[in-house]
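So you can see what is in the structure, the chains are spelled out below.
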Amino acid sequence: MKKQTLTVILYKEDNMYVAECVESGTVDQGESIEEAIDNLKEATKLYLEECPFVETQPRLVTTMEVTYGELSCA
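These numbers were taken from a predicted model, which means no experiment stands behind them.

K.L.:
What is the right way to read the overall build of the protein chain from this model?
P.N.:
Along the backbone of the protein chain there are one helix and three strands. The secondary structure elements of the protein chain, listed N-terminal to C-terminal, are β-β-β-α. Taken over C-alpha atoms, the radius of gyration comes to 16 Å for the protein chain, far larger than the 11 Å a tight globule of 74 residues would show. Projected onto its principal axes, the C-alpha coordinates of the protein chain cover approximately 55 × 30 × 20 Å.

This is the structure:
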């Protein structure tokens, strides 16, 4: 059995939480954050059993603030 730490991005879409694994590209959803992550774990596990990939370094995720205004595109 292999064990690997993977990056998950979460966002809310309508009434569901969507969870996406950055390294594998797998996506799943749930009514709660915990359910979305649990569903993603299962989907990613099934995916990696069929399509293993080379191990990667953990990714860092951060936020940034951007100031912008209305510009004319003439």
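K.L.:
Can you walk me through helix H1 (residues 33–50) in this structure?
P.N.:
Since the α-helix advances by 3.6 residues per turn, residues separated by three or four positions end up pointing in the same direction. Helix length check: H1 (18 residues) gives 26 Å between terminal C-alpha atoms against 26 Å at 1.5 Å per residue, within 8%. Residues of H1 that are buried include every one of Ala36, Leu40 and Thr44, and no others. Projection of H1 onto a plane perpendicular to its axis shows the buried side chains occupying an angular sector of 60°, all on one side. Across from the buried face of H1, at angles greater than 90 degrees, the exposed residues are Glu34, Lys41 and Glu49.

K.L.:
I would appreciate a short explanation of the sheet that holds strand E3 (residues 27–30) in the present structure.
P.N.:
By definition, the strands of a sheet pair up through backbone hydrogen bonds, in either a parallel or an antiparallel sense. Ordered in space as E1-E2-E3, the three strands form an open sheet in which the pairing is antiparallel. Edge positions in the sheet fall to strand E1 (8–13) and E3, since each has one partner strand and no second. Within this sheet the neighbouring strands show an average axis-to-axis angle of 25°, counted without direction. Two elements, E1 and strand E2 (residues 16–21), share six bridges in a ladder whose sense is antiparallel. When the sheet's bridge partners are listed, Glu13 is paired in E2 with Met16. Here H1 sits on the sheet in contact with E1, E2 and E3, set at roughly 150° to E3.

K.L.:
What's the story with the pairing of E2 in this structure? I'm lost.
P.N.:
Within a regular strand, the side chains alternate between the two sheet faces. Linkage of E1 to E2, two consecutive antiparallel strands, is achieved through a turn of two residues, within which Asp14 is found at a positive phi near 60°. Relative to E3, E2 runs antiparallel, the two being bridged by four bridges. Directly across from Glu20, in E3, lies its bridge partner Val27. Counted between consecutive antiparallel strands, the loop separating E2 from E3 contains five residues, among which Gly25 sits at a positive phi close to 85°.

Procedures and definitions
Every chain is numbered independently, its residues counted from 1 as its sequence is written. Given that the model is predicted, a residue must reach a pLDDT of at least 70 before its local features are reported, and side-chain atom pairs must reach 80 or more before they are shown or counted; all residues, however, enter totals for whole chains, interfaces and linings. Side-chain measures were taken over the full set of non-hydrogen atoms in the model, leaving aside hydrogen atoms and water. Secondary structure elements are defined from DSSP: runs of H or I of at least 4 residues count as helices, runs of E of at least 2 residues count as strands, and each element is numbered from the N terminus. Between the two quantities, the radius of gyration covers C-alpha atoms and the globule rule is 2.2 Å times the number of residues to the power 0.38. One fewer than the residue count of a helix, multiplied by 1.5 Å, yields its expected span. For the exposure calls, accessible area comes from a 1.4 Å probe over protein chains only, and a residue counts as buried if that area is under 20% of its type's maximum, exposed if over 50%, partly exposed in between. This arc is built from the directions going out from the helix axis to the C-beta atoms. At least two bridges found by DSSP between two strands are what make those strands a pair. For helices, the fitted axis covers only the stretch in contact; all axes are lines through C-alpha atoms, and the angles between them, taken along N-to-C directions, range from 0 to 180 degrees. Contacts are assigned to residue pairs with any non-hydrogen atoms lying within 4.5 Å of each other.

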